[in-house]
Amino acid sequence: MTVTVRYTCPHCGAVTSVERRPDLADRSVTTIPQPGWEYAAPGDDALESADGIAFRCGEDGPTTDLEGRPVEGCGRPFYLNFVRFERGVELDPDPPTYGGPRFDFLG
């Protein structure tokens with residue numbers, strides 16, 4: 001069973017749809033890939049083994065505005081990041097996608 005899920009391009013606001021299993025948990029949509037994460041292409045059969053999906057706005061299927069009217073995408077890449085686990089522990093993206101900028105100061 002699959003569901004259609006819509007994602008908004010963080011660069012231009014165009015909406016892209018993808019068919020995928022409903023049990024894959026989304027964490028975030030980012031403009032850059034998470035270091036060390038493996039991304040599948042939209043529609044790839046290996047989504048379950050990937051850490052997310054790499055989109056190219058307007059090139060991975062039709063794009064619309066938020067009301068569903070067709071628009072051209074900007075052609076820039078963006079990334080859907082799935083919730084990821086290691087040894088049963090949920091991993092945070094690096095850098096985190098919440099709480100603003102992250103600064104690591106060595107004391």
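The paragraphs below set out a description of the structure included in this document. (Residues numbered from 1 in each chain as written. Predicted model: local features only at pLDDT ≥ 70, side-chain atom pairs only at ≥ 80, totals over all residues. Heavy atoms only, no water.)

Quick notes on the overall build of the protein
- A tally of regular secondary structure across the protein gives zero helices and 10 strands.
- Put simply, the protein runs from its N terminus to its C terminus through helices and strands in the order β-β-β-β-β-β-β-β-β-β.
- In the protein, which comprises 107 residues, the share counted as buried stands at 28%.
- Taking the contacts inside the protein whose residues are at least 6 apart along the sequence as the reference set, 53% of them involve residues at least 24 apart.
- Carbon and sulfur atoms make up 51% of the accessible area of the protein, which totals about 6,900 Å². (Helix = DSSP H or I, 4+ residues; strand = E, 2+ residues; numbered from the N terminus. Buried < 20%, exposed > 50% of the residue type's maximum accessible area, 1.4 Å probe, protein only. Contact = heavy atoms within 4.5 Å. Areas by Shrake-Rupley, 256 points an atom, 1.4 Å probe, with all protein chains shown as cover.)

Observations concerning the nonpolar core
- Ranked by internal contacts, the top residues of the largest apolar core, which has 15 residues, are Tyr7, Ile53, Phe55, Phe78 and Leu80.
- For this core, the secondary-structure elements that each account for two or more residues are strand E1 (3-8), strand E5 (52-56) and strand E8 (77-82).
- It is E8 that contributes the most residues to this core, three residues altogether.
- Every residue in contact with Leu80, bar those within four places of it in the chain, is listed here: Tyr7, Arg20, Asp26, Ser28, Val29, Tyr39, Asp51, Gly52, Ile53 and Phe55. (Core = buried A, V, L, I, M, F, W, Y, C linked by side-chain atoms within 4.5 Å.)

Brief notes about the sheet that holds strand E6 (residues 63-64)
- With antiparallel pairing, the four strands of this open sheet are ordered in space as E1-E2-E6-E7. With one partner strand each, in any of the chains shown, E1 and strand E7 (70-71) form the two edges of the open sheet.
- Where E6 lies against E7, two bridges are found, and the strand directions are antiparallel. Counted as the bridge partner of Thr63 is Val71 from E7. (Pairing = 2+ DSSP bridges.)

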